[in-house]
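Here is how the chains run, residue by residue.
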Amino acid sequence: MEQSSENKIEFKDKFLRFFLHHKIKIYIFLIIFFTAISSLIYMENYNKKQNKLIAEKYIQAGLHLSSKDEENAILLFEEIILSKNNFYSILALNIIVEKNLITDKIRVLEYFKILEDSISSKDENDLILFKKALYLIKNSEIEKGKNIMKNLTDQNSNLKSIVEEFLKK
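## Looking at helix 3 (residues 70-83)
Residues separated by three or four positions in an α-helix point in the same direction, a consequence of the helix having 3.6 residues per turn.
Then comes step 1: For helix 3, which comprises 14 residues, the first-to-last C-alpha distance of 20 Å matches the rise-based estimate of 20 Å (1.5 Å per residue) to within 8%.
Then comes step 2: When we look at burial in helix 3, the residues that qualify are Ala73, Ile74, Leu76, Phe77, Glu78, Ile80 and Ile81.
Then comes step 3: At its buried positions, helix 3 is contacted by helix 2 (23-66), helix 4 (88-98) and helix 5 (105-118).

Below, the structure written as structure tokens:
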């Protein structure tokens, strides 16, 4: 029993000495730890809010488009693309291309380039490249479009079978 209480006292002494000896390091570690946790929580909340705002803009753009207010729809779709949101940017560019809202080829190709650079997922990037190739072929730049498709097949893209079937035609 005596030895148990001595062990407890000895442990307590060792802990106090350790704490007093490393007090500054412990405080610095705790400050850094709580700052990092706070920053992560803040960034996650900020990203959620940004995603929600982009989603609302996408819905607004769709409403403007359905009410034949193409100018405001285009502005909102462009803003969404420039936000580089992984999900809504692709959708916005898709609508611009499908509805032929922007007739300036250079501008549309710039938007494709923005998405190519900002999207990190290989599958999504391949899809963007495929869509770009189709856009180029549709706008009389057949060789450029076919070159992009050939690159997709050479890279063993998940779209390889679709691209090969398209190239056969």
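## Some details on helix 2
Then comes step 1: For helix 2, which comprises 44 residues, the first-to-last C-alpha distance of 65 Å matches the rise-based estimate of 64 Å (1.5 Å per residue) to within 8%.
Then comes step 2: Within helix 2 the residues assigned to the buried category are Ile54, Ala55, Tyr58, Ala61 and Leu65.
Then comes step 3: Tucked into the core, helix 2 has its buried residues touching helix 3 and helix 4.
Then comes step 4: The positive-phi residue at the C-terminal boundary of helix 2 is lysine 68, with phi of around 65°.

## A look at the environment of threonine 35
Then comes step 1: Position of threonine 35 among the secondary structure elements: in helix 2.
Then comes step 2: In this structure the side chain of threonine 35 is engaged in a polar contact, spanning 2.6 Å, whose partner is the backbone oxygen of isoleucine 31.

## Focus: a nonpolar patch on the surface
Then comes step 1: Together, Tyr27, Phe29, Leu30, Ile31, Phe33, Phe34, Ile37, Leu40 and Ile41 make up a nonpolar patch on the protein surface, roughly 930 Å² of accessible area in all.
Then comes step 2: Along the chain, tyrosine 27 falls in helix 2.

## Considerations on the packing of helix 6 (residues 122-138) against helix 7 (residues 142-154)
Then comes step 1: Where helix 6 meets helix 7, the axes come as close as 7 Å, and the angle between the chain directions of the two elements is 155°. Taken together, helix 6 and helix 7 sit at an angle that is classed as roughly antiparallel. Seen along the crossing, helix 6 lies across helix 7 with a hand that is left-handed. From helix 6, Asp126, Leu129, Phe130, Lys132, Ala133, Leu134, Leu136 and Ile137 reach across to helix 7, where they touch Ile142, Lys144, Gly145, Lys146, Ile148, Met149 and Leu152.

## Focus: the pattern of salt bridges
Then comes step 1: Enumeration according to the criterion identifies 10 salt bridges in this entry.
Then comes step 2: Residue aspartate 126 pairs with lysine 122 through a salt bridge whose shortest N-O separation is 3.0 Å. Of the two residues, aspartate 126 and lysine 122 are both situated in helix 6; the distance of four residues between them amounts to about one turn of the helix.
Then comes step 3: When its relative accessible area of 41% is taken as the criterion, lysine 122 is described as partly exposed.

Criteria and cut-off values
- Residues numbered from 1 in each chain as written.
- Predicted model: local features only at pLDDT ≥ 70, side-chain atom pairs only at ≥ 80, totals over all residues.
- Heavy atoms only, no water.
- Helix = DSSP H or I, 4+ residues; strand = E, 2+ residues; numbered from the N terminus.
- Expected span 1.5 Å × (residues − 1).
- Buried < 20%, exposed > 50% of the residue type's maximum accessible area, 1.4 Å probe, protein only.
- Contact = heavy atoms within 4.5 Å.
- Polar contact = N/O pair within 3.5 Å; in protein donor to acceptor, adjacent residues only side chain to side chain.
- Patch = residues over 30% accessible without salt bridge, like charges linked within 9 Å, V, L, I, M, F, W, Y side chains within 5 Å.
- Areas by Shrake-Rupley, 256 points an atom, 1.4 Å probe, with all protein chains shown as cover.
- Salt bridge = Lys/Arg side-chain N within 4 Å of Asp/Glu carboxyl O.
- Axes fitted to C-alpha atoms, helices over the stretch in contact; angles between N-to-C directions.
- Parallel < 35°, antiparallel > 145°, perpendicular 65-115°, else oblique.
- Left-handed = near helix turned anticlockwise from the far one by under 90°.

No statement about biological role is implied by the geometric values presented.
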